[in-house]
Amino acid sequence: MIEAPEARLLCEQLNKTVCGKRITDVFAQYTPHKFAWFYGKPEECAERLVGKTIDKACPQGGMVELTAGDTMLVLTDGVNLRYFEPGAKLPSKHQLLVAFDDESCLLASVRMYGALLCFTRGHFDAPLAAYYETARTKPQVMSDAFDKEYFLGLVNAPDAQKKSAKAFLATEQTIPGLGNGVLQDILYHAHIHPKTKIDKLGAEEKEKMYEQVKETLQDIYRLGGRSTETDLFGVPGQYVASLSKNTAGHACPKCGEAIVKENYLGGSIYYCRGMPGNEISPFLMQLSNYKSS
């Protein structure tokens, strides 16, 4: 699932490759996918896009927003986007293909689930409209507008206090474009357990969380995205997550304790067993003392 750093990278690549190109053909739901959601009927994408010219691409949280005249094409975080040069062999399966006048094309495919939303500017009233508008109108997490003052306003808000660190960072679009894929390393580097309640964090811990939000996302962006994601040309990113399914069960490089995987809030969390806030750490400490005596 793409998140803010990958969305930013994809839009930069789109602005260099497809801006100024005229759309000559569109195929939607070429390969049926029941969790690929469109605005209106899939075939209406062609009616809205053919003949238009791509003006710009802009990241909105973890979404890619393409503007073509009065038409918007928004691809959400579960959509994999690829660009193909003229004459390139295309994959046989895809949910949206946008062909250009130079015979190049954009191809979008949905992984587990994703939305491909094509609508006339100002006329988007589907259930996903609120999700898109929230991402579009809040300060982008990688922008200067998302500063310490703004973050502290979020984390000190009354409705955030009983949330866990994971719930605060990655649910309800508190920070659009920041999800479960990147929060693991943010909290790991901030030395905050994913289950720790916000009201248990001190001022220094909140500032550390903010610093790691900015630094970790910038590191991912600088390295071309996470190694689990690909860019517009199918190239994997170079950022290898410190905490993921690939490191679960291995020793933490910082302290040597095991990296743990648990199910929590509808997804997985990863944390170092020796991390402050880990509920079983006191027991493990006693056990360690017992074994060494």
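Residues numbered from 1 in each chain as written. Predicted model: local features only at pLDDT ≥ 70, side-chain atom pairs only at ≥ 80, totals over all residues. Heavy atoms only, no water.

Caption draft 1: Inspection of the overall build of the protein chain at higher detail. Across its full length, the protein chain holds eight helices and eleven strands. In terms of overall dimensions, the protein chain has C-alpha extents of about 75 × 40 × 30 Å along its principal axes. Out of the 293 residues in the protein chain, the part that is buried amounts to 47%. Restricting to contacts in the protein chain with at least 6 residues of sequence separation, those with at least 24 account for 64%. Accessible surface, the protein chain as shown: approximately 14300 Å² in total, 53% of it carbon and sulfur. For the protein chain, the centre of its 33 positive side-chain charges and the centre of its 35 negative side-chain charges are spaced 5 Å apart. (Helix = DSSP H or I, 4+ residues; strand = E, 2+ residues; numbered from the N terminus. Buried < 20%, exposed > 50% of the residue type's maximum accessible area, 1.4 Å probe, protein only. Contact = heavy atoms within 4.5 Å. Areas by Shrake-Rupley, 256 points an atom, 1.4 Å probe, with all protein chains shown as cover. Lys, Arg positive; Asp, Glu negative; His and termini not counted. Charge placed at Lys NZ, Arg CZ, Asp CG, Glu CD.)

Caption draft 2: Quick look at the pattern of salt bridges. According to the stated counting rule, one finds twelve salt bridges in the structure shown. With its nearest N and O atoms 3.7 Å apart, the salt bridge here joins Glu-12 to Arg-8. Taken together, the residues Glu-12 and Arg-8, both in helix H1 (residues 4-17) and four residues apart, mark about one turn of the helix. Arg-8 sits in the partly exposed class, given a relative accessible area of 26%. The residue Arg-136 makes a salt bridge to Glu-133 at a minimum N-O spacing of 2.8 Å. Taken together, the positions of Arg-136 and Glu-133, both in helix H3 (residues 129-137) and three residues apart, correspond to about one turn of that helix. Classification of Glu-133 by relative accessible area gives partly exposed; the value is 32%. (Salt bridge = Lys/Arg side-chain N within 4 Å of Asp/Glu carboxyl O.)

Caption draft 3: Inspection of the packing of aromatic side chains at higher detail. By the definition in use, this model includes twelve aromatic pairs. Pairing Phe-119 with Phe-124 gives two aromatic rings, centres 4.3 Å apart and planes at 15°, and the pair type is stacked. When its relative accessible area of 3% is taken as the criterion, Phe-119 is described as buried. Phe-124 sits in the buried class, given a relative accessible area of 14%. (Phe/Tyr/Trp six-rings, centres within 6.5 Å; stacked < 30°, edge-to-face > 60°.)

Caption draft 4: Molecular detail of the sheet that holds strand E4 (residues 63-68). Sheet architecture is open: five strands sit in the order E2-E9-E5-E4-E3, paired in mixed fashion. The strands lining the two open edges of the sheet, one partner per strand, are strand E2 (36-38) and strand E3 (56-60). Direction aside, the axes of adjacent strands within the sheet are offset by 15° on average. As defined by bridge partners, E2 adjoins strand E9 (residues 114-120) across three bridges and the pair is classed as parallel. Bridge pairing links Trp-37 to Ala-115 in E9. Each of E3 and E4 touches H1; the most contacted strand, E3, lies at about 175° to it. (Pairing = 2+ DSSP bridges. Axes fitted to C-alpha atoms, helices over the stretch in contact; angles between N-to-C directions.)

Caption draft 5: Spatial organisation of unusual backbone geometry. Here the phi dihedral of Glu-103 falls at roughly 75°; this positive angle occurs in a residue that is not glycine. With respect to the helices, strands and loops of the structure, Glu-103 is situated in the loop between strand E7 (96-100) and strand E8 (105-110). A residue is classified by how much of its surface remains accessible, and Glu-103, at 64% relative accessible area, is exposed.

Caption draft 6: Focus on H1. The end-to-end C-alpha distance of H1 is 20 Å, a good match for the 20 Å that 14 residues give at a rise of 1.5 Å each. Among the 14 residues in H1, ten count as buried, and that is most of the element. Within H1 the residues assigned to the buried category are Ala-4, Pro-5, Glu-6, Ala-7, Leu-9, Leu-10, Cys-11, Gln-13, Leu-14 and Thr-17. Buried residues along H1 sit against E3, E4, strand E6 (79-84), E8 and helix H7 (203-222). (Expected span 1.5 Å × (residues − 1).)

Caption draft 7: Here's a closer look at the packing of helix H4 (residues 148-155) against H7. The contact between H4 and H7 brings their axes to 10 Å, and the two run at 125°. Taken together, the axis directions place H4 and H7 in an arrangement best described as oblique. Crossing angle aside, the handedness with which H4 passes H7 is right-handed. Residues Lys-148, Phe-151, Leu-152 and Val-155 of H4 form the contact with H7, whose participating residues are Lys-206, Glu-207, Met-209, Tyr-210 and Val-213. Class assignment of the residues belonging to the contact of H4 with H7 gives a composition of six nonpolar, no polar and three charged. (Parallel < 35°, antiparallel > 145°, perpendicular 65-115°, else oblique. Left-handed = near helix turned anticlockwise from the far one by under 90°. Nonpolar A, V, L, I, M, F, W, Y, C, P; charged D, E, K, R; others polar.)

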